[in-house]
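Structure assessment
What follows is the residue order along each chain.
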Amino acid sequence: MTSRDARGVVPAMAVPLTCFATVLFALSSWGSFTTSRFPYLGPILVAGLLVVATGISARLLRVHASVVVLLQVLLGTIATSLLVVQHPFPVTGGGRALVTAEMAEAYIAFNPFDLPMSGTGVAPYLIPGGVAAVLLADILAVSLRRPPMMGLVVLGVFTVPFSIIGAGGWGGVSWVVFALTATSFLVMLRLDRAQQLGRWGRRLDDDLPVAPAAGPAVIGVSAVVIALLTPAWLPSPSVSLPGLGPGDGDGPLRVINPTVGLYDDLRRQSDQVMVSVTPVYGDTETPPSYLRVGALTKFTGTEWTSGNRDVPSDHSGVATFEPPMSDPTLLGEPTTYQLKASAKFQSTWLPIFAHPLEVTARGPWRYDEDTLDFMSTEGRDQTVAGQRWRMTAAPVEPSQERLLAAGDPGVGAPPGMTDLPLLPDEIEEIALERTAGQDRPFAKAVALQNWFRHSGEFTYSLERDVGSDSAALLDFLTDNKIGYCQQYATAMAVLARELGIPARVAFGFLGGDQDEDGAWQFRGRDLHAWPELWFEDIGWIRFEPTPSAADTSEPGYTTGALSNARNEPEAPVPSAGTSVAPVPNRPQREEPDTPEVADTGAEESNAGAVWTSLGIVALVGLIALAAPAVIRRRRRTTRLAGDAEAGWTEVGDTAIDLGLPWSGTRSPREEATSLAPHLQGREPMLALQRIVAAVERNRYAEHRGDVAVGDDVRLVSATLREHAERRARRRARLWPASVFRRRPVPATDGPVARSERELISS
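Residues numbered from 1 in each chain as written. Predicted model: local features only at pLDDT ≥ 70, side-chain atom pairs only at ≥ 80, totals over all residues. Heavy atoms only, no water.

Scanning the protein for helices and strands turns up 21 helices and 21 strands. Taken across its 762 residues, the protein has 46% of its residues classed as buried. Taking the intrachain contacts of the protein between residues at least 6 apart in sequence as the baseline, contacts between residues at least 24 apart amount to 74%. Here the protein displays about 37600 Å² of accessible surface, and carbon together with sulfur accounts for 57% of that area. (Helix = DSSP H or I, 4+ residues; strand = E, 2+ residues; numbered from the N terminus. Buried < 20%, exposed > 50% of the residue type's maximum accessible area, 1.4 Å probe, protein only. Contact = heavy atoms within 4.5 Å. Areas by Shrake-Rupley, 256 points an atom, 1.4 Å probe, with all protein chains shown as cover.)

All right, on to the packing of helix H11 (residues 425–434) against helix H14 (residues 485–498) then. Across the interface, H11 lies against H14 with an axial gap of 9 Å and an inter-helix angle of 85 degrees. Here H11 lies roughly perpendicular to H14, going by the angle between them. Across the interface between the two elements, Ile427, Glu428 and Ala431 of H11 pack against Val494, Leu495 and Glu498 of H14. Within the contact of H11 with H14, the residues separate by chemical class into four nonpolar, no polar and two charged. (Axes fitted to C-alpha atoms, helices over the stretch in contact; angles between N-to-C directions. Parallel < 35°, antiparallel > 145°, perpendicular 65-115°, else oblique. Nonpolar A, V, L, I, M, F, W, Y, C, P; charged D, E, K, R; others polar.)

Here we have three strands laid out as an open sheet, ordered E9-E13-E12, and antiparallel in their pairing. In the strand order of this sheet, the two ends are held by strand E9 (349–350) and strand E12 (365–367), each with one partner. In this sheet, strand E13 (residues 374–376) lies alongside E9 in antiparallel orientation, the contact comprising two bridges. Bridging from a neighbouring strand, leucine 350 pairs with phenylalanine 374 of E13. (Pairing = 2+ DSSP bridges.)

In this section: the side chain of serine 29. Residue position: serine 29 is located in the loop between helix H1 (3–27) and helix H2 (38–60). Within the local environment of serine 29, its side chain forms a polar contact with the backbone oxygen of alanine 26, the two atoms lying 2.6 Å apart. (Polar contact = N/O pair within 3.5 Å; in protein donor to acceptor, adjacent residues only side chain to side chain.)

Here the focus is helix H19 (residues 710–722). Since one α-helical turn is 3.6 residues long, residues separated by three or four positions face the same way. In this model H19 runs 18 Å from its N-terminal to its C-terminal C-alpha over 13 residues, within 8% of the 18 Å that 1.5 Å per residue would give. Those residues of H19 that fall on the buried side of the exposure criterion are Gly710, Asp712, Val713, Val716, Ser717, Thr719 and Leu720. (Expected span 1.5 Å × (residues − 1).)

Attention now goes to the sheet that holds strand E21 (residues 539–542). Hydrogen bonds between backbone atoms are what pair the strands of a sheet, whose relative direction is either parallel or antiparallel. Taken in spatial order, the five strands of this open sheet run E10-E3-E17-E20-E21, and their pairing is antiparallel. Every interior strand has two partners, whereas the edge strands, strand E10 (352–353) and E21, have only one. One ladder, built from seven bridges, connects strand E17 (residues 503–509) with strand E20 (residues 527–535); its direction is antiparallel. Bridge pairing in E20 places valine 505 opposite proline 531. Along the sheet, H14 contacts E17 and E20; its crossing angle with E20, the most-contacted strand, is approximately 15 degrees.

One finds Val275, Trp389, Phe452, Leu477, Phe509, Phe535 and Phe543 to be the most contacted residues of the largest nonpolar core, which totals 80 residues. Of all the elements, H14 adds the most residues to this core, at nine residues. Excluding its chain neighbours within four sequence positions, the residues that come into contact with leucine 477 are Ile430, Trp451, Phe452, Phe458, Ala491 and Leu495. Ranked by size, the runner-up nonpolar core spans 40 residues in total, among them Val23, Trp30, Ile44 and Leu61. (Core = buried A, V, L, I, M, F, W, Y, C linked by side-chain atoms within 4.5 Å.)

Keep in mind that most residues, glycine aside, have a negative phi and that most peptide bonds are trans. For glutamine 86, which is not glycine, the phi torsion reads 55 degrees and is therefore positive. With respect to the secondary-structure elements, glutamine 86 resides in the loop between helix H3 (65–85) and helix H4 (93–109). Under the relative-accessibility criterion, glutamine 86 is labelled partly exposed at 43%.

As a further point, take a negative patch on the surface. On the surface, Asp425, Glu426, Glu428, Glu429 and Glu433 cluster together into a negatively charged patch. Mapped onto the fold, glutamate 428 is located in helix H11. Note on glutamate 428: relative accessible area 37%, which makes it partly exposed. (Patch = residues over 30% accessible without salt bridge, like charges linked within 9 Å, V, L, I, M, F, W, Y side chains within 5 Å. Salt bridge = Lys/Arg side-chain N within 4 Å of Asp/Glu carboxyl O. Lys, Arg positive; Asp, Glu negative; His and termini not counted. Charge placed at Lys NZ, Arg CZ, Asp CG, Glu CD.)

Bridge count between strand E8 (residues 335–341) and strand E14 (residues 388–393): six bridges; the pairing is antiparallel. Across the sheet, glutamine 338 pairs through a bridge with arginine 390, a residue of E14. Pairing between strand E11 (residues 356–361) and E14: five bridges, direction antiparallel. Residue pairing in the sheet places valine 359 in a bridge with methionine 391 of E14.

A separate point is the packing of helix H16 (residues 644–657) against helix H17 (residues 668–675). Closest axis-to-axis distance for the H16/H17 pair is 12 Å, and the angle between their directions is 40 degrees. Here H16 is positioned oblique relative to H17, judged by the angle of their axes. Considering how the two elements wind past one another, H16 and H17 form a crossing that is left-handed. Along the contact surface, H16 presents Trp648, Val651 and Ala655, while H17 presents Pro668, Glu671, Ala672 and Leu675. (Left-handed = near helix turned anticlockwise from the far one by under 90°.)

Here the focus is the packing of aromatic side chains. Going through the model one piece at a time under the given rule, you end up with 19 aromatic pairs. Considering the side-chain rings of tyrosine 337 and phenylalanine 353, the 4.6 Å spacing of their centres and the 45 degrees angle between planes classify their relative orientation as tilted. With a gap of 16 residues between them, tyrosine 337 in strand E8 and phenylalanine 353 in strand E10 connect regions that are remote in the sequence. On the accessibility criterion, tyrosine 337 (9% relative accessible area) is buried. Judged by its relative accessible area of 6%, phenylalanine 353 is buried. (Phe/Tyr/Trp six-rings, centres within 6.5 Å; stacked < 30°, edge-to-face > 60°.)

Here we take up a positive patch on the surface. A cluster of like positive charges, contributed by Arg726, Arg727, Arg729, Arg730, Arg731 and Arg733, occupies part of the molecular surface. Relative to the assigned elements, arginine 729 resides in helix H20 (residues 726–734).

Once that is clear, we can look at the side chain of glutamine 521. Among the secondary structure elements, glutamine 521 is positioned in strand E19 (residues 520–523). Side-chain polar atoms of glutamine 521 contact the side chain of aspartate 515, separated by 2.7 Å. Contacts of glutamine 521, omitting those with residues within four sequence positions, involve Val273, Val275, Ser276, Gly512, Asp513, Asp515 and Asp526.

Below, the structure is given as structure tokens:
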């Protein structure tokens, strides 16, 4: 490829690539949603490059603009679907089901009132949106040749974090992101303007005044600076919505589900201290256990969430509670604790013990009377990281007889604690089957706990994430029966609600380790989830369905509640290859004692779909690579059978492919003179002269001649290739430059018919 050809290809690549970079810079503003940008920016980079590369290649091949867009949409859709759901066709039955399930799960997990969230959780929405922005920007800036309109795409991308999160605090667009986006946008406009002016060729009059090149740049940069600095000078009112800001109000406060990342945190087994607890007064000898962060009260069918909370503005500051049950005699000795959170524990929930009597915490913390959860009203702008607070709590010590005597379930419980979505009928049948013969609510709850902990059917393991939707829950209860604390807490709470017993899922920390100063350290590896059930005149009671292989201990009031509880094995018997090394108060990683049950048919189907899609992409790539050579070969065949003008065009394209001098704008004799040194033979020189003579006669004679020059063209072309370098011959065969070169438009398309007067005068 000659320097002239390079000058034609580079502009064709420059504008699409700078357009893509501009959108990519703007999309980094969506990092406000996530803890990491890579889970969505990485796939967008891959799919976006495919879209842009497809557009560049197709336009160089002179493909019609509508076909270019169609190819970009097709390949972009396939790539996006592969990256999101590992299926190439989102409109087919299997692909549509995967996309629907993935989008539904991401929708449920997303909560704009407490961000950022896990990057993988919201990626199913960000990736397609980002690829669509790249595609739309490329269509506007390149296909339609309206680069300024591409600014609307950038504006739309920036609008997403502003509209969902707001412009203040951590939710605004970083000035670095804005500056990079604006700079890339200005560079794209400059490159597009240079490309458009380049199509006009050289100036006809060099004496005309030259517009200063710096003028547009100064205007563009000034506009960006003004847009960046003006908002800082404008006054902005202080506005806070009821129940969501520091002002008064009794509106609902929605909070995110903190168990979304529980599985990842458990697998990391972090030794970092999250919360330190120092007993100050009361029972300072008994180790504290189950430091609760919050409670999840709503089951959506795919996960437990916090639901909507009614948190009045006066429920803040120092909170003093009445005993959380009607009979104070059920409480043990109160203990006062001093708590401190590390800078690593950036939670919008304030950890407290299960039954607080008094809590003193500074900051925008409000509590829910129904759950006794403390939550930040300012989201990520105010977390518990690095804070200290004080609380007094008393353990609940109800007798087993009192619990067995509890009346009908649900009496006095907060509303909605037995609500369930539409679930498979088999789940209710399991609940009834496992509690058959028990007529009291507490006895039914103990029967469920014993089934999970002591039946020998279930295994604790962090090596398998079984999912959280209703199908996965049913599979967990019937087939694989392998999981970690979140699955066991979810399963028992759902089964309890199927029986009409109010239930919720609590999350927090198991008992920590005591340091030399007497403080108890709760670490990342101590994270845990457990169910809590409500009983009449008693309140919320903790249960522990997670198998004892995780070194969890069941509450004392459940031990021996059923006559057969102690006659059953304590834990599943591990297989010979299972390694169990309990560490006090910590969930242990354990290999399952049975092979994992997998849907091999589905896996093979997905694998086949992936390989099929990769094959399609590879085939399209091979076709794109082979297309120039095929086009060049067809052109050669057609021209060799044509007239002198077609043969002369073939000689020119052969020279261009081999990198020989050929402008296409000079006369035939001038072009032949530049090619003569590369022929080196009498016969090829005579053949070139015959071709030139035929072209001149065809262009300038009164009557066109139909001289066949195919053989002469073959001889000249073969001689040029024979004396060219090997690299040039290989490049001409595989990637002919003439296919990508825009041919100059001749002044006339054939000889000009002249009148008799003109012929006489000439």
